[in-house]
Amino acid sequence: SPAAAKLMDEYSDGDYWVVGSDGQEVLKMEPDNDALRLAVADSLAWTGRYDEAIKQYRMLADTPLAGKAALGMADVYRWSGRPDLARPLFEEILSIRPADPEITGEATDGLDWAKRALRARTDLRRINKSDSSSVKQRGYQLDHTWRGSDPAVRYGISLASSRYTMSSAAFETLQHDAT
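My aim in this report is to walk through the structure given alongside it, one point at a time. Keep in mind that this is a model prediction, so the values were computed, not measured.

Here we take up the overall build of the chain. The helix and strand tally for the chain stands at eight helices and three strands. Reading the chain from its N terminus to its C terminus gives the helix and strand order α-α-α-α-α-α-α-β-β-β-α. For 179 residues, the compact-globule formula gives about 16 Å, and the C-alpha radius of gyration of the chain, at 26 Å, lies well above that figure. A principal-axis box enclosing the C-alpha atoms of the chain has dimensions of 85 × 35 × 30 Å. Excluding contacts between residues fewer than 6 apart, the proportion of contacts in the chain whose partners are at least 24 apart in sequence is 40%. Accessible area for the chain stands at about 11,100 Å²; split by element, carbon and sulfur atoms hold 53% of it. Averaging the positions of the 23 positive and the 28 negative side-chain charges in the chain gives two centres separated by 10 Å.

This is how it looks when you write it as C-alpha cells:
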C-alpha cells in the first residue's frame, strides 16, 4: 500500500519516531506485512518504546523474519538492563541461525555482554585526590557486585580506605585561624 511504502521510506531516512507511531495504525490494515512490522518494531525499540516493540517482535515469531525479530527483542532487553532475559534469546538465535552472518555477529556480541553482566564483579580503584587547601587524599576503594535469586536486582558492597595529608603551610594556617 502507499501508506506502507511511505513508512518504509521514512524508515530508510531514519525517521523512527514517525514509523513507530504511524506504523502501528498501518499494521492494523496490513497485519501480514512482516517487513513493515519489523521496521515498526525496530523503530519503537530505537525510540525507547520497549513494551510496544516487544509486542511487535513477538508477532513475527513464526515468520521468515523471526531471527531478526528475536535479535531485536534481545537487544531491547539488553538496552533495558535485563541480561537475564536477553541471554536466553541470544543463545537461541545462535543455535537456530548459526550461518546467518548478519545476525550471528550481533548475537555473539550480545551474548558476551549478557554473560559479563550476569557475573559477579569486583573492582579495585585507587583514590588520589587533592583540593585547593592542599589537603590530599590517598587510598583504595573495593567494590563487589552480584545478582541474587532475582536477576533484575543487583547487590553490592563497597569498602574504602583513605589517608588524608595536609601540607605544613596549610596546617599552620588552619591552626592560626582556629585561635
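Pairing between side chains of opposite charge can happen when their charged atoms approach one another. Tallying each qualifying case throughout the model produces seven salt bridges. Where Glu25 meets Lys28, a salt bridge forms, and the shortest distance between an N and an O atom there is 3.2 Å. With Glu25 and Lys28 both in helix α2 (residues 16-29), this residue pair falls three residues apart, about one helical turn. Across the salt bridge formed by Arg87 and Glu91, the nearest N and O atoms sit 3.0 Å from each other. In this pair, Arg87 and Glu91 are both assigned in helix α6 (residues 83-96), four residues apart and thus about one turn of the helix distant. Note on Glu91: relative accessible area 35%, which makes it partly exposed.

On to the side chain of Glu10. Its location among the elements puts Glu10 in helix α1 (residues 2-12). For Glu10, a relative accessible area of 15% corresponds to the buried category. Apart from residues no more than four positions distant in its own chain, Glu10 is found in contact with Asp15, Val18 and Val19.

The pairing of strand β1 (residues 121-130) with strand β2 (residues 135-147) spans ten bridges and is antiparallel. Across the sheet, residue Asp123 finds its bridge partner in β2, namely Asp143. Where β2 and strand β3 (residues 154-166) come together, 13 bridges link them in antiparallel fashion. Of the residues in β3, the one forming a bridge with Val135 is Met166.

This brings us to the sheet that holds β3. Two pairing modes exist for strands in a sheet, parallel and antiparallel, and in both the strands are linked by backbone hydrogen bonds. Overall, antiparallel pairing links the three strands, which are arranged β1-β2-β3 in an open sheet. Taken across any chain shown, the strands that pair with only one partner, and hence form the sheet edges, are β1 and β3. The average undirected angle you get between the axes of adjacent strands in this sheet is 15°.

In this structure, the largest pocket occupies an estimated 300 Å³ of space. Along the wall of the largest pocket there are 17 residues; nearest its centre are Leu38, Asp42, Trp46, Lys68 and Leu71. If you list the elements that add at least two residues to the lining of the largest pocket, you get α1, α3 (34-46), α5 (66-79) and α7 (101-118). The residue inventory of the lining of the largest pocket, partitioned by class, reads eleven nonpolar, one polar and five charged. Counted as a void, the second largest pocket has a volume near 190 Å³.

Put simply, α1 and α3 touch, their axes get as near as 10 Å, and they point 45° apart. Regarding the angle of α1 to α3, the classification is oblique. Relative to α3, the crossing made by α1 is left-handed. Between α1 and α3, the contacting residues are Ala4, Leu7, Met8 and Tyr11 on the first element and Ala35, Leu36, Ala39, Asp42, Ser43 and Trp46 on the second. Its residues assigned to classes, the contact of α1 with α3 shows eight nonpolar, one polar and one charged.

Reading the values: rules and limits
The residue numbers shown here count from 1 along each chain, following its written sequence. Note on the predicted model: pLDDT of at least 70 is required for a residue's local features to be given, and 80 or more for side-chain atom pairs to be given and counted; whole-chain, interface and lining totals, by contrast, use all residues. Hydrogens and water are ignored here; the side-chain numbers use all heavy atoms of the structure. Secondary structure elements follow DSSP: runs of H or I of four or more residues count as helices, runs of E of two or more count as strands, with numbering from the N terminus. Throughout, the radius of gyration refers to the C-alpha atoms, and the reference size of a globule is 2.2 Å times the residue count to the power 0.38. Residues count as neighbours in contact if any of their non-hydrogen atoms are within 4.5 Å of one another. The Shrake-Rupley method, run with a 1.4 Å probe, gives the accessible areas here. Residue values count only the displayed protein chains as cover. Under the counting rule used here, the positive set is Lys and Arg, the negative set is Asp and Glu, and His together with the chain ends is not counted. Working definition for charges: the position is that of NZ of Lys, CZ of Arg, CG of Asp or CD of Glu. Salt bridge, as applied in this entry: a Lys or Arg side-chain nitrogen positioned within 4 Å of an Asp or Glu carboxyl oxygen. When accessible area is computed with a 1.4 Å probe and restricted to protein chains, residues below 20% of their type maximum are described as buried, those above 50% as exposed, and intermediate ones as partly exposed. Here the rule is simple: two strands pair whenever DSSP picks up at least two bridges between them. Only the contacting stretch of a helix is used when fitting its axis, a line to C-alpha atoms as for every element, and angles between N-to-C directions run 0 to 180 degrees. Two kinds of site are reported from a 1 Å grid over the protein atoms alone, namely cavities, where a 1.4 Å probe fits but cannot get out, and pockets, open sets with protein on both sides within 12 Å along at least five of seven lines, and residues are called lining when an atom falls within 4 Å of a point. Grid points are joined across faces, edges and corners, and a volume is the space filled by probe spheres set on the points. Polar here means any residue other than Ala, Val, Leu, Ile, Met, Phe, Trp, Tyr, Cys and Pro, which are nonpolar, and Asp, Glu, Lys and Arg, which are charged; Gly is therefore polar. To sort the angles, those under 35 degrees are grouped as roughly parallel, those over 145 as roughly antiparallel, those from 65 to 115 as roughly perpendicular, and the leftovers as oblique. Less than a right angle of anticlockwise turn of the near helix away from the far helix marks a crossing as left-handed, whereas a clockwise turn marks it as right-handed.

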